[in-house]
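If you want the building blocks of each chain, they are given just below.
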Amino acid sequence: MALKVTLLLAACLLLFTGPAFAATFLEGYLDNGNFEEQPKPTDLKKTVLVGKYALPKWEIDGLVEYISGGPQPGGMFFAVAHGVHAVRLGNEASISQTIKVKPGSLYALTFGASRTCAQEEVLSVIVLPQKGDLPLQTLYSSNGGDTYAWGFIPTSDTVTVKFHNPGVQEDPACGPLLDAVAIKELFPPRPTRYNLVKNPGFEEGPYHLVNSSHGVLLPPQQEDRTSPLPGWMIESLKAVKFIDSKHFNVPFGQAAVELVAGRESAIAQILRTVPNKFYNLTFSVGDAKNGCHGSMMVEAFAAQDTLKVPFKSEGKGRFKTVSLRFKALSIRTRITFFSSFYHTRIDDFGSLCGPVLDQVRVVPVA
């Protein structure tokens, strides 16, 4: 499937600034991003791709397999959550594609990835000069349908997107599975006089893959220095989930975040404040109506003040809005949120879940 290039705001730019300043932005799958354009039979030896350009629209290096979802020879089962076909990266193998971008703009890749064995596997995402290693050991969805986002800011108008398996597994049948790759250009949000929080409702975020209903995992900043959720940082050991109103209950608007890994799943933002001035922080906590039941607790931190918000989830998509008054101690104040407890869905104990956070607002106290 060709990369969908959307002409958003182009007409307005032409109207007000002339054709020299008109621009497009990227949103959708990379060329053959779902791997459904199949290789030629002569470029396959059983499942192994033969030749640097054997995978249409991609360049491969090392042992890369083109597989179909379902039972595999040898008794293994590969779940392909976003289509029929996928690629498996063998030891130190990679696939890459070169795309046109706008230097200095913020982009987020969205891709379906999972491990194929119980061994510890890592998927490296590379858009030079940026690189991140995503551990795939933790399965957030039991069906193998984990979807990740990864942010980057290009320094030139052409970049190469590369997925690499840096590991050397004893079993050559092991290695990360990649089943869809998309991209979206993101617009950096700004605070307003009515709210110091940037992207307060999480409306600006990564692309949601077609046929994906599990949300998008946002990796911690040690794995991705450029957050795919504009304005926010993932300050934790595990990922935070970006969810949409099409597949989840969202308190406000079209998107929210789900804190899916307890105290290991935290999200934060640094605000501009006036020292010794008081501010009011309000936010909404609820459940995503996704089978996540039980006694939940969201902890909020602002400067030296904290608030613990209990929430009893019955899985009905309810939410409540709370507030915290805090005193700024410097010109920068960090606000942080995490879930106190770990939760799994009652209909699927292998799927991590948690409380939903939405509509974060900070205003000065008059």
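These numbers were taken from a predicted model, which means no experiment stands behind them.

Reading guide: rules and limits
Residues numbered from 1 in each chain as written. Predicted model: local features only at pLDDT ≥ 70, side-chain atom pairs only at ≥ 80, totals over all residues. Heavy atoms only, no water. Phe/Tyr/Trp six-rings, centres within 6.5 Å; stacked < 30°, edge-to-face > 60°. Helix = DSSP H or I, 4+ residues; strand = E, 2+ residues; numbered from the N terminus. Buried < 20%, exposed > 50% of the residue type's maximum accessible area, 1.4 Å probe, protein only. Lys NZ or Arg CZ within 6 Å of the ring centre and 35° of its normal. Pairing = 2+ DSSP bridges. Axes fitted to C-alpha atoms, helices over the stretch in contact; angles between N-to-C directions. Core = buried A, V, L, I, M, F, W, Y, C linked by side-chain atoms within 4.5 Å. Contact = heavy atoms within 4.5 Å.

Engineer: I tried to follow the packing of aromatic side chains on my own but got confused; where do I start?
Structural biologist: Each aromatic ring pair is specified by the distance between its two centres and by the angle formed by the two planes. Applying the stated criterion to the full structure yields 12 aromatic pairs. Each ring, one from F35 and one from W58, has its centre 5.5 Å from the other, and the planes form 40°; the classification is tilted. Of this pair, F35 sits in the loop between β2 (25-29) and β3 (44-45) while W58 sits in the loop between β4 (48-49) and β5 (59-61), and the two are 23 residues apart along the sequence. Its relative accessible area of 0% is what places F35 among the buried residues. With a relative accessible area of 2%, W58 lands in the buried category. Cation over ring: R325 sits above F278, and NZ or CZ is 4.5 Å from the ring centre.

Engineer: Honestly, the sheet that holds strand β23 (residues 294-302) in this entry has me stumped. Any pointers?
Structural biologist: Strand pairing in a sheet is mediated by backbone hydrogen bonds. Such pairs are either parallel or antiparallel. The strand order across the open sheet formed by 5 strands is β18-β21-β26-β23-β24, and the pairing between neighbours is antiparallel. A strand with exactly one partner marks an edge of an open sheet, and here the two such strands are β18 (233-234) and β24 (305-313). In this sheet, strand β21 (residues 266-272) lies alongside β18 in antiparallel orientation, the contact comprising 2 bridges. In the strand pairing of β21, I234 is matched with I267.

Engineer: How should the sheet that holds strand β13 (residues 130-135) be read in this particular structure?
Structural biologist: Read across the open sheet, the 5 strands follow the order β5-β10-β15-β12-β13; overall the sheet is antiparallel. Either end of the sheet is taken by a strand with one partner, and the two such strands are β5 and β13. Across the sheet, the mean angle separating the axes of adjacent strands is 20° when strand polarity is ignored. Where strand β12 (residues 122-127) lies against strand β15 (residues 158-164), 3 bridges are found, and the strand directions are antiparallel. Residue pairing across strands places S124 opposite H164, the latter belonging to β15.

Engineer: Any chance you could explain unusual backbone geometry here in plain terms?
Structural biologist: Excluding glycine, residues mostly carry a negative phi; peptide bonds, for their part, are mostly trans. With an omega of 10°, the peptide bond running from L128 to P129 counts as cis. Position of P129 among the secondary structure elements: in the loop between β12 and β13. Backbone geometry places K289, a non-glycine residue, at a positive phi of 60°. Note that K289 resides in the loop between β22 (278-286) and β23. At A303, a position not held by glycine, the phi torsion is positive, near 55°. Among the structural elements, A303 can be located in the loop between β23 and β24.

Engineer: Explain the nonpolar core here, please?
Structural biologist: What tends to happen in soluble globular proteins is that the nonpolar side chains get buried as a cluster. Ranked by size, the top nonpolar core spans 38 residues in total, and within it F35, L55, I95, L109, F111, F163 and L178 carry the most contacts. Elements with a minimum of two residues in this core: β6 (64-68), β9 (85-89), β10 (94-100), β11 (106-114), β12, β14 (147-152), β15 and β16 (177-186). Here this core gets 4 residues from one element, more than from any other, and that element is β11. Beyond its immediate stretch of four places on either side in the chain, L178 contacts F35, A86, V87, I95, F111, G112, A113, L123 and F163. The next biggest cluster of nonpolar side chains, apart from the first, holds 37 residues, and it includes L196, L281, A328 and V360.

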